[in-house]
Structures are given as C-alpha cells and as structure tokens.
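Examining the three-dimensional arrangement
Here's the letter readout for the chains.
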Amino acid sequence: MRTDNAHAALGWAEELQTVASAILVPMRVAATRAGSFRASVESASAGPVTVARIRSSPHLVAREACAITSTDPDLLMVTLHGSGPATVVQESRQRRVAPGDLVTFDTGRPYRLDVTGPCDVIVSGLPRAMLGAHADLIARRTAAPLPTDTGARALVAAFLSGLGEQLDSVPASSGTHLADAMVALLIAAFAETSAERTEMSTPLTERIIAYVRANLGDPDLSVESVARRHGISPRHLHQLFRGRDFTFTAWVRHERLHRIRRDVTAPSLAHRTVAAIAASWGIHDADHLGRLFRAEFGHTAMEIRDAARTAPRKPAHRSSATPSR
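Throughout what follows, the structure given in this document is the object of discussion.

Calculation criteria
- Sequence order as written defines the numbering, with residues in each chain counted from 1.
- Residues qualify for local features only when their pLDDT is at least 70, as the model is predicted, and side-chain atom pairs are given and counted only at 80 or more; totals for whole chains, interfaces and linings, by contrast, use all residues.
- Processing note: side-chain calculations cover all non-hydrogen atoms of the structure and skip hydrogens and water entirely.
- Definition used for salt bridges: Asp or Glu carboxyl oxygen within 4 Å of a side-chain nitrogen of Lys or Arg.
- Buried residues are those whose accessible area, probed at 1.4 Å on protein chains only, stays under 20% of the maximum for their type, while exposed residues exceed 50% and partly exposed ones sit between those limits.
- A run of H or I in DSSP becomes a helix once it reaches four residues, and a run of E becomes a strand once it reaches two; helices and strands are each numbered from the N terminus.
- Stacked, tilted and edge-to-face are the three classes assigned to paired rings of Phe, Tyr and Trp, where Trp is represented by its six-membered ring and a pair needs centres within 6.5 Å; plane angles under 30 degrees give stacked, over 60 edge-to-face, the rest tilted.
- In this scheme, the term charge over a ring applies when either NZ of a lysine or CZ of an arginine sits within 6 Å of the ring centre and within 35 degrees of the ring normal.
- Paired strands, as defined in this entry, are two strands with at least two bridges between them according to DSSP.
- Note on geometry: axes are C-alpha line fits, over the in-contact stretch for helices, and angles between N-to-C directions span 0 to 180 degrees.
- The directions considered for the arc are those from the helix axis to the C-beta atoms.
- Each cavity reported here is a set of points on a 1 Å grid over the protein atoms alone in which a 1.4 Å probe fits but cannot get out, each pocket an open set with protein on both sides within 12 Å along at least five of seven lines, and each lining residue one with an atom within 4 Å of a point.
- Grid points are joined across faces, edges and corners, and a volume is the space filled by probe spheres set on the points.
- In this classification, the charged set is Asp, Glu, Lys and Arg, the nonpolar set is Ala, Val, Leu, Ile, Met, Phe, Trp, Tyr, Cys and Pro, and all remaining amino acids, among them Gly, are polar.

In total, this model carries 15 salt bridges according to the counting rule given. A salt bridge links Arg-63 to Asp-72; the shortest N-O distance between them is 2.8 Å. Arg-63 gets classed as buried once you look at its relative accessible area, which sits at 1%. Here Glu-91 and Arg-109 are joined by a salt bridge, their closest N and O atoms 2.3 Å apart. One end of the pair, Glu-91, is in the loop between β6 (86–90) and β7 (93–97); the other, Arg-109, is in the loop between β8 (101–106) and β9 (111–115), with 18 residues separating them in the sequence. The exposed category is assigned to Glu-91, whose relative accessible area is 56%. Overlapping salt bridges, with partners in common, bring together Asp-74, Glu-91, Asp-106, Arg-109 and Arg-128 in one network.

Here we come to unusual backbone geometry. Peptide bonds are, in most cases, trans, and in most cases residues other than glycine have a negative phi. Even without being a glycine, Ala-143 presents a positive backbone phi close to 55°. Mapped onto the elements, Ala-143 comes out in the loop between α3 (135–139) and β11 (146–147).

What follows covers the packing of aromatic side chains. According to the stated counting rule, one finds 5 aromatic pairs in the structure shown. Judged by centre distance (5.2 Å) and plane angle (80°), the ring pair of Phe-241 and Phe-248 falls under edge-to-face. According to the relative accessible area criterion, Phe-241 is buried, its value standing at 3%. Ring centres 5.7 Å apart and planes at 35° place the aromatic pair Phe-241 and Trp-251 in the tilted group. Of this pair, Phe-241 sits in the loop between α9 (234–240) and α10 (248–264) while Trp-251 is found in helix α10, placing the two residues 10 residues apart along the sequence. No difference in accessibility class separates Phe-241 from Trp-251, as the two residues are buried. A network of ring pairs unites the aromatic residues Phe-241, Phe-248 and Trp-251 as a single cluster. Positioned above the aromatic ring of Trp-281 is the side chain of Arg-259, whose terminal nitrogen or guanidinium carbon lies 5.9 Å from the ring centre.

Turning next to the sheet that holds β7. Pairing is antiparallel across the open sheet formed by 5 strands, whose spatial order is β1-β4-β9-β6-β7. For this open sheet the edge positions go to β1 (28–31) and β7, each flanked by a neighbour on one side alone. Across this sheet, the average inter-strand angle for adjacent strands is 15°, counted without regard to direction. Two strands pair when backbone bridges link them, and β1 and strand β4 (residues 59–63) are joined in this way by 4 bridges, in the antiparallel orientation. The residue bridging Ala-30 from the neighbouring strand is Leu-60, located in β4.

With that settled, the discussion passes to helix α13 (residues 301–310). Looking only at α13, the buried set comprises Ala-301, Ile-304 and Arg-305. Seen from one end, α13 has its buried residues packed into an arc of 100°, which puts them on one side.

Turning next to the environment of Leu-146. Mapped onto the fold, Leu-146 is located in strand β11. The sequence separation of Leu-146 and Leu-102 amounts to 44 residues, and the corresponding C-alpha distance is 5.0 Å.

This part is about the layout of surface pockets. Put simply, the second largest pocket is a space of about 230 Å³. Forming the boundary of the second largest pocket are 13 residues, of which Leu-221, Thr-249, Val-252, Arg-253 and Arg-256 lie nearest the centre. Sorting the residues of the lining of the second largest pocket by element identifies α10 and α12 (286–297) as the ones contributing at least two each. Here the lining of the second largest pocket gets 5 residues from one element, more than from any other, and that element is α10. Here the residues of the lining of the second largest pocket sort into 7 nonpolar, 4 polar and 2 charged.

In structure tokens form, the structure reads like this:
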C-alpha cells in the first residue's frame, strides 16, 4: 500500500515520462523511492539533433520491446552523467556509471537505466543517418561507459556541458552546424577508445581522412590524387579502407552529399543556388548530383530544400517542464 507521497512521486514520474518520450523516443519512467519526486527537463533542437538536460530524483528509465515501433525515430542516444550514480543495461551488458561518464544507447533495442541518486544528465538523440559509417561503431559500445578525462572524450564532455548550460539560447540558424560539431567530436571520442581502431585505422589512415575532409571541395580529389599526395599506391589506399562500411570512393561521395544536404537546408545559405553549393563541395554536374541525391536520400537536392522551406520551424527551446512537489 503506497503512502500519499508515493502516489505523488508516481504522478510526477509519469509527467517526466511524458516529456522525455516526446523529446526522444517512447520510454517508461518510474520513481524508485517512496517520497516526493522532483524533476526538471529543458530541451532544444540543434538541427536534427535533440539535446535535453534532465535533473531529477532517483528513477528508472526503461525502453521496452513492446514500445519499439517502426515509426520511432532511428536514434543513437548519448548521455553525459554530470552527477548521480547509475546502472545501465542493454542486451548482455550491465555496467555501473560514474559521474563524468559518457554512455550510449541504441533506441532500436530495449535498454534500462537505473539512476540511484539525484542526477544531472545531458541527453542527446542523434539520427543514425548523421553518423554514417560510424553509427555501427558507436552502437557496438552501447551500455559501455566511457570516462571523459582525456582526449576527445574530454572535449565531448565540455561541449555537452556547455550546451546544457545554454539550451535556452541555442540559435536556430546555427543549429545544424552545432549538430555537425557534436557528431564530429563523438566520432573522434569513440574512435580513439574502440578496440576496432587498431584493426580499422592507422596513423596514415587518419591523416588521409583528415586530408580528404579538408579538401572535399576540390573536384579533382580522387583515389589517384590522394594516394599520390601521401606517397602510396592507389591499391594501398584501397587496402587501408578495406573492412570499413564504405570503400574509399563511396566514403568521399557520402561525405560530400551529406554536406551538400546540410547546406541546401540551411536558412543562412538560402540565397545560394543548389548548383553553387554542390560546386563548393566538388560536384559540378547537376544531372549527376540529382542521381546521387536520389540514390542516397530518395529525393533531389531541390526537393529536400523545398521541403525544408515549407516545414514548420522548430523553436530552439522545444520544451521545459518542471514537475516538482
């Protein structure tokens, strides 16, 4: 038999559940201690990425199999635990989370998060498509906490902490660029800690990746030019990318197309033609661009731009709820 306070805790946990489910994906939230339950949620959109700061009493979060549907957004969720010990479970992994840890969840599979003390957590939901070939790399480390004491992990923690402090002032015009920065930092953080790094990457590979990303606008960028620039044969270059989700050529195309898509939907670049944007990323043939966009996204660049123009604008501050008793 519950006390009155336990009833109140249940009610406010249900409100947190409603807010969190609307921001990210459907989930169950339950208070884990009798007594009053306190929680606050602030959220904002950074382009296609949703970021929320959740401060609350101890609680349980469960993404249950019965709640997962094909209409849910396909997200990888990354959390930064500022305070509050917790236990995370996904598939066969069960780990303890300490303050300062980064943890990822694949929202397409069931998971549980048991927060055993008052918490302050930054949660970000990233569409898998933004992560490209790196999505599977990150997904394979779900429910495996990463400390954020050094390297790119420390940069990710600083970025997310700063974003959490500024959620009410995230500018809509730069949201997509913030999302790109977040994705780049996360990829760097998980690449430097993954056991697969030694199998898939070498210092030479990393130099090639950095060089290509810095020169995507060069229409003459090719297997031959990149191999020559790094003093290796084209065959060696292809071997360096063997075992990845993309061949070298397909990876370059993927990088270019996603940057073009980002820019054609950016309000700050609305005055530039699709052709000019594509040319700035090394693609000068309009017919070729149309075929590539249809193959990658199912629509032409102009169709994607038109859809972005007519879509309702999301406010930077999506929601703010402060259930408390």
